[in-house]
Amino acid sequence: MDPDGARPRLHEFDAVRGFALCGILVVEIWQLTDMRATIGPGTVDPVWHLLSVLFVGRFFPIFSFLFGLSFSLFLDHTVEHTDRPRLILARRLIALGALGLIHHVFQPGDALLPYAIVGLVVLLPAAGLPRWVILLAGLIATIGVPCTLGGGLGLVPGLFLLGLAADRFGLADNLRDYGWCLAVVFLLAVPAAIAAGVWEYRTPYVELWTSSVAPVAGLLGAFAYLTGFLLFLRTESGAVFAEMLEPMGRMALTNYVSATGLILVAEPWLGLSDSNRYSALLGLAGAIIAVQALWSYHWLRWFRYGPLEWVWRCATWWQLVPNVRTRRKLTVPYGGGR
């Protein structure tokens, strides 16, 4: 059980959140250091183009979906512990927005502040709607936005609603029973994602900014990554990755914000700004992931929440929340192929 007595932790989704953080990190380094996408006038760097097809728009939707799902889980927990759950949730989102506002100073592409705003405007009112209405609204927004307005932050409301609907329909509690559904979605999503990725790669760079190719390809890629990784976690090899990624996912807020500081410190030494040194970018991403994976694992042996997660929880409940563990061992209950 969660230390606060909530529903059992969703360790698969914690691992997926850590997986999404790794992909987002690659894009964050490129954006924060303002690396070049071209090698000459009108000539796109083929390495950047390949990385964009593999990373850009693929992991952000997963993270957004999981935010909506986690919101639903926290709402259920809050209802059991207070008679003013919406006030608690509003305070939680406002605290996230305040942190995002600070983070935005260092990372102009910060997602925390938009998440907080969309949470207040969309998620909080939608939480009381019937689950079929939430699902329908989420599908319309998620499909309609990339086809009309483009991708980016415009996808957040729909993905939040889909995450909320997923929990309302029991995905969170019965994920292990949906193995065949994951396999079917994965088998359908992979060829579609590959076709869309090839389409995106062959689309001229200038046209990518005005067409729906990139956001559509990104969503299909996200579906393929999400379902594929959830299936991978059911294998013995996946269990090994889960032990590394699950602590990172549990400390997602801390790792997301701290990555910005690590990038800003490393960038002058690596000279990434206005360069095409994408091998150095991948090297930096790998180093940050290794540091955060080790740090998250050892931190959670002693504490129940990451540093920023603890501050966020204290602001949410407006009281000091106990954080020190009584047991030092972090247990990750993965059974591999079982």
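Description of the structure in this document. All figures in this text were calculated on a predicted structure; none of them were measured in a lab. (Residues numbered from 1 in each chain as written. Predicted model: local features only at pLDDT ≥ 70, side-chain atom pairs only at ≥ 80, totals over all residues. Heavy atoms only, no water.)

### As for the packing of helix 6 (residues 131-148) against helix 10 (residues 213-232)
Under the convention used in this document: Axis definition: a line fit to C-alpha positions, over the contact stretch in the case of helices; interaxial angles, taken between N-to-C directions, run 0 to 180 degrees. Only DSSP runs of H or I with at least four residues qualify as helices, and only runs of E with at least two residues qualify as strands; both kinds are numbered from the N terminus onward. When the near helix sits turned anticlockwise from the far one by under a right angle, the crossing is termed left-handed; a clockwise turn instead gives a right-handed crossing. When checking whether two residues touch, look at their non-hydrogen atoms; a contact exists if any pair is within 4.5 Å. Gly falls in the polar group here, along with every residue not listed as nonpolar (Ala, Val, Leu, Ile, Met, Phe, Trp, Tyr, Cys, Pro) or charged (Asp, Glu, Lys, Arg).
Relative orientation of the contacting elements helix 6 and helix 10 amounts to 145°, with a least axis distance of 7 Å. Between helix 6 and helix 10 the crossing geometry is left-handed. Counting all contacts with helix 6, which are made through Thr 142, Pro 146 and Cys 147, the residues of helix 10 involved are Pro 215, Val 216 and Leu 219. Across the contact of helix 6 with helix 10, the residue classes tally to five nonpolar, one polar and no charged.

### A short note on a nonpolar patch on the surface
To keep it simple, the criterion reads: For patch building, the residue pool is restricted to those with more than 30% relative accessible area and no salt bridge; the joining distance is 9 Å between like charges and 5 Å between nonpolar side chains (Val, Leu, Ile, Met, Phe, Trp, Tyr). Per-residue and other accessible areas were derived by the Shrake-Rupley procedure at a 1.4 Å probe size, with only the shown protein chains allowed to occlude residues. Throughout this description, the term salt bridge denotes a Lys or Arg side-chain nitrogen within 4 Å of a carboxyl oxygen of Asp or Glu.
Together, Ile 94, Ile 117, Leu 120 and Val 121 make up a nonpolar patch on the protein surface, roughly 360 Å² of accessible area in all. Broken down by element, the residue count for the nonpolar patch peaks at three residues, all from helix 5 (residues 112-126). By secondary structure assignment, the location of Leu 120 is in helix 5.

### Describing the packing of aromatic side chains
The criterion, for reference: In this scheme Phe, Tyr and Trp rings, the latter by its six-membered ring, pair at centre separations within 6.5 Å, and the angle between planes marks the pair as stacked below 30 degrees, edge-to-face above 60, and tilted otherwise. Residue burial is assigned from relative accessible area. The probe radius is 1.4 Å, only protein chains are included, and a residue is buried under 20% of its type maximum, exposed over 50%, and partly exposed in between. Whether a charge lies above a ring is judged from NZ of Lys or CZ of Arg, which has to be within 6 Å of the ring centre and within 35 degrees of the ring normal.
Scanning the entire structure with this criterion turns up 17 aromatic pairs. Relative to Phe 160, the ring of Tyr 115 has its centre 5.0 Å away and its plane inclined at 80°; by these criteria the two rings are edge-to-face. One end of the pair, Tyr 115, is in helix 5; the other, Phe 160, is in helix 7 (residues 156-168), with 45 residues separating them in the sequence. Given the relative accessible area of 0%, Phe 160 is considered buried. Site record: aromatic cluster; members linked through ring pairs are Phe 19, Phe 55, Phe 59, Tyr 225, Phe 229, Phe 232 and Phe 241. Positioned over the ring face of Phe 74 is Arg 92, at 4.1 Å from the centre of the ring. A cation over a ring is seen here: Arg 92 above Trp 312, with NZ or CZ 3.8 Å from the ring centre.

### So, the packing of helix 3 (residues 60-79) against helix 10
Where we set the bar: Angle categories: roughly parallel below 35 degrees, roughly antiparallel above 145, roughly perpendicular from 65 to 115, and oblique for all the rest.
Axis separation between helix 3 and helix 10 bottoms out at 8 Å; the angle between their running directions is 65°. When the axis of helix 3 is compared with that of helix 10, the two are roughly perpendicular. Contact residues: helix 3 offers Pro 61, Ile 62 and Phe 65, while helix 10 offers Leu 219, Ala 222, Tyr 225 and Leu 226.

### Focus: helix 3
Note the cut-off: Here a helix's expected span is defined as the number of its residues, less one, multiplied by 1.5 Å.
The end-to-end C-alpha distance of helix 3 is 29 Å, a good match for the 28 Å that 20 residues give at a rise of 1.5 Å each. With 17 of 20 residues buried, helix 3 lies mostly within the body of the structure.

### Considerations on the pattern of salt bridges
Following the criterion strictly, the structure yields six salt bridges and no others. A salt bridge links Asp 14 to Arg 17, with the shortest nitrogen-to-oxygen separation between them at 2.9 Å. Note that Asp 14 and Arg 17 are positioned in helix 1 (residues 11-32) at a spacing of three residues, about one turn of the helix. Since its relative accessible area comes to 3%, Asp 14 is described here as buried. Take Arg 17: its relative accessible area is 13%, and that puts it in the buried class. Here Arg 168 makes a salt bridge to Asp 167, at a shortest N to O gap of 3.8 Å. The exposure class assigned to Arg 168 is partly exposed, which follows from its relative accessible area of 23%. Under the relative-accessibility criterion, Asp 167 is labelled buried at 6%.

### Some words on the side chain of Asp 110
Quick reminder of the rule: A positive count includes Lys and Arg, and a negative count includes Asp and Glu. His and the chain ends are not counted in either.
As for its placement among the helices and strands, Asp 110 is situated in the loop between helix 4 (85-106) and helix 5. This buried residue, Asp 110, is left without a salt bridge; Arg 17 holds the nearest opposite charge, at 15 Å. Apart from residues lying up to four places away in sequence, Asp 110 is in contact with Gly 100, His 103, His 104 and Tyr 256.

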